[in-house]
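Residues per chain are reported as follows:
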Amino acid sequence: MPRFQDRALDELRPSLIERDFTQMALGSALISVGKTKVLCTASMEDRAPAWLRGSGKGWVTAEYSLLPGSTPERSGREASKGKQSGRTLEIQRLIGRSLRSVVDMSAIPEIQLVVDCDVLQADGGTRTASIVGGFVALSDAINRLIDMNRISKRALIGQCAAVSVGIVDEIAMLDLDYSEDVRADVDMNVVMTSDGKFVEVQGTGERTTYSKSQLDDMLSLAEHGISYLMDLQNAVLSDPPKPRSK
């Protein structure tokens, strides 16, 4: 089956990041990857988690949610159920780990930065899109905190981005949309930093096992896609963020 819009196997879906999509959060970005759309906002809490208080270090964490109208069948609000699903917890922990990998916690003493990722429309790759857009929101939040004299130095020590890859109909391909994801024999999410190191490789044989050569093929596709997404992040962040009120 051909890919939607005849995409090449190593081709990302059309990707766009709209910086400062909202005006209240310290940083925000609306990321669109094909039909998938995620709103990422970064906010500051004026205290570190209890287990870090007095350490001189801060923390970065993330929350993730599928909004009710993001899928063809309404996704119920987890707050109304009284608990988050295991899938939600797994995804927001992945986002938090990814963002923390490029932050110097000693540069944000005694505060917590929270990156909220709300999926407005889901068509595959929501967790990877959240990491890409979340980094942009976090970067602006950190720079605005410097401008507001809340922190003294830039806390970012690198850049991170993520993408999905998989094997569909025995063929390795980049950036699966939902129609490809549900047919995938192997599904993988890859997170990397700007120095070429891996933060996480989540690879699952959904219907079959995969070989070392297939793994190498998927990782090569992921590196190619992540390089493009980092270029996109850099283009969006090329100008300093507009100041917020102090």
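Owing to the predicted nature of the structure, the values given are computational and were not obtained by experimental measurement.

Remarks on the UniProt feature "domain: Exoribonuclease phosphorolytic" (unreviewed entry) in the chain
Then comes step 1: Summarizing the sequence annotation, UniProt attributes the feature "domain: Exoribonuclease phosphorolytic" (unreviewed entry) to residues 11–141 and 161–223 in the numbering used throughout.
Then comes step 2: Taken end to end, residues 161–223 comprises 25% helix and 44% strand; its first and last C-alpha atoms sit 10 Å apart.

Details of the environment of valine 199
Then comes step 1: With respect to the element layout, valine 199 can be found in strand S9 (residues 198–205).
Then comes step 2: A relative accessible area of 27% means that valine 199 is categorised as partly exposed.
Then comes step 3: Valine 199 sits 38 residues away from alanine 161 along the chain, and the two C-alpha atoms are 9.6 Å apart.
Then comes step 4: Ignoring sequence-local partners within four residues, the contact set of valine 199 consists of Arg97, Ser98, Ser101, Val191, Met192 and Thr193.

Considering the packing of aromatic side chains
Then comes step 1: Tallying each qualifying case throughout the model produces 1 aromatic pair.
Then comes step 2: Ring geometry for tryptophan 51 against tryptophan 59: centres 4.9 Å apart, planes inclined by 80°, an arrangement best described as edge-to-face.
Then comes step 3: Given a relative accessible area of 59%, tryptophan 51 falls into the exposed group.

Examining helix H5 (residues 212–236)
Since one α-helical turn is 3.6 residues long, residues separated by three or four positions face the same way.
Then comes step 1: Between the first and last C-alpha of H5 there are 36 Å, a value that for 25 residues agrees with the 36 Å anticipated at 1.5 Å per step.
Then comes step 2: The complete set of buried residues in H5 reads Met218, Leu219, Leu221, Ala222, Gly225, Ile226, Leu229, Met230, Leu232, Gln233 and Val236.
Then comes step 3: Buried residues in H5 make contact with strand S1 (15–19), helix H3 (126–147), strand S6 (160–168), strand S7 (171–174), strand S8 (186–193) and S9.

A closer look at the pattern of salt bridges
Then comes step 1: Scanning the entire structure with this criterion turns up 10 salt bridges.
Then comes step 2: As a salt-bridge pair, aspartate 20 and arginine 144 come within 2.8 Å of each other at their nearest N and O atoms. Taken together, the positions of aspartate 20 in the loop between S1 and strand S2 (27–33) and arginine 144 in helix H3 put the pair 124 residues apart, joining distant regions of the chain. The exposure classification of aspartate 20 matches that of arginine 144, with both residues buried.
Then comes step 3: Notably, a salt bridge pairs arginine 97 with glutamate 200, separated by 2.8 Å at the nearest N-O pair. On the criterion of sequence distance, the pair formed by arginine 97 in helix H2 (residues 86–100) and glutamate 200 in strand S9 is long-range, its members being 103 residues apart.
Then comes step 4: You can call glutamate 200 buried: its relative accessible area is 17%.
Then comes step 5: Bridged by salt links that share partners, the residues Arg7, Arg13, Asp175 and Glu180 form one connected network.

Section: the side chain of arginine 144
Then comes step 1: By relative accessible area, arginine 144 is classed as buried at 1%.
Then comes step 2: Only 2.6 Å separates the side chain of arginine 144 from the backbone oxygen of leucine 26, close enough to count as a polar contact.
Then comes step 3: Discounting chain neighbours no more than four positions away, the residues touching arginine 144 are Asp20, Leu26, Gly27, Pro241, Lys242 and Arg244.

Considering the sheet that holds S2
Then comes step 1: Taken in spatial order, the 5 strands make up an open sheet running S1-S2-S3-S5-S4, and their pairing is mixed. Among the strands making up the open sheet, the edge pair consists of S1 and strand S4 (59–66). Pairs of neighbouring strands in the sheet enclose a mean axial angle of 20°, with direction left out of account.
Then comes step 2: As paired strands, S1 and S2 are joined by 5 bridges and run antiparallel to one another. In the sheet register, serine 15 faces S2, and the bridge partner there is valine 33.
Then comes step 3: On top of the sheet, H3 reaches S1, S2, strand S3 (36–45), S4 and strand S5 (112–121); it is set at about 35° to S3, its chief contact.

Concerning the UniProt feature "binding site: phosphate" (unreviewed entry) in the chain
Then comes step 1: UniProt records the feature "binding site: phosphate" (unreviewed entry) for Arg87, Gly125, Thr126 and Arg127 in the present numbering. On the basis of their most widely separated C-alpha atoms, the annotated residues across 41 residues gather in one place, lying no more than 13.7 Å apart.
Then comes step 2: Its place among the elements puts threonine 126 in helix H3.
Then comes step 3: Residues contacting threonine 126, with those up to four places away along its chain left out, are Thr36, Val38, Tyr64, Arg87 and Val119.
Then comes step 4: Of the polar contacts made by the side chain of threonine 126, one reaches the side chain of tyrosine 64; its length is 2.7 Å.
Then comes step 5: Along the chain, arginine 127 falls in helix H3.
Then comes step 6: Excluding residues within four positions of it along the chain, arginine 127 makes contact with Arg87, Glu90, Ile91, Leu94, Ile95, Asn189 and Gln202.
Then comes step 7: Here glutamate 90 takes part through its side chain, which lies 3.2 Å from a polar atom of the side chain of arginine 127.

What counts and how
- Residues numbered from 1 in each chain as written.
- Predicted model: local features only at pLDDT ≥ 70, side-chain atom pairs only at ≥ 80, totals over all residues.
- Heavy atoms only, no water.
- UniProt positions renumbered as here; feature names shortened; annotations may be inferred.
- Helix = DSSP H or I, 4+ residues; strand = E, 2+ residues; numbered from the N terminus.
- Buried < 20%, exposed > 50% of the residue type's maximum accessible area, 1.4 Å probe, protein only.
- Contact = heavy atoms within 4.5 Å.
- Phe/Tyr/Trp six-rings, centres within 6.5 Å; stacked < 30°, edge-to-face > 60°.
- Expected span 1.5 Å × (residues − 1).
- Salt bridge = Lys/Arg side-chain N within 4 Å of Asp/Glu carboxyl O.
- Polar contact = N/O pair within 3.5 Å; in protein donor to acceptor, adjacent residues only side chain to side chain.
- Pairing = 2+ DSSP bridges.
- Axes fitted to C-alpha atoms, helices over the stretch in contact; angles between N-to-C directions.

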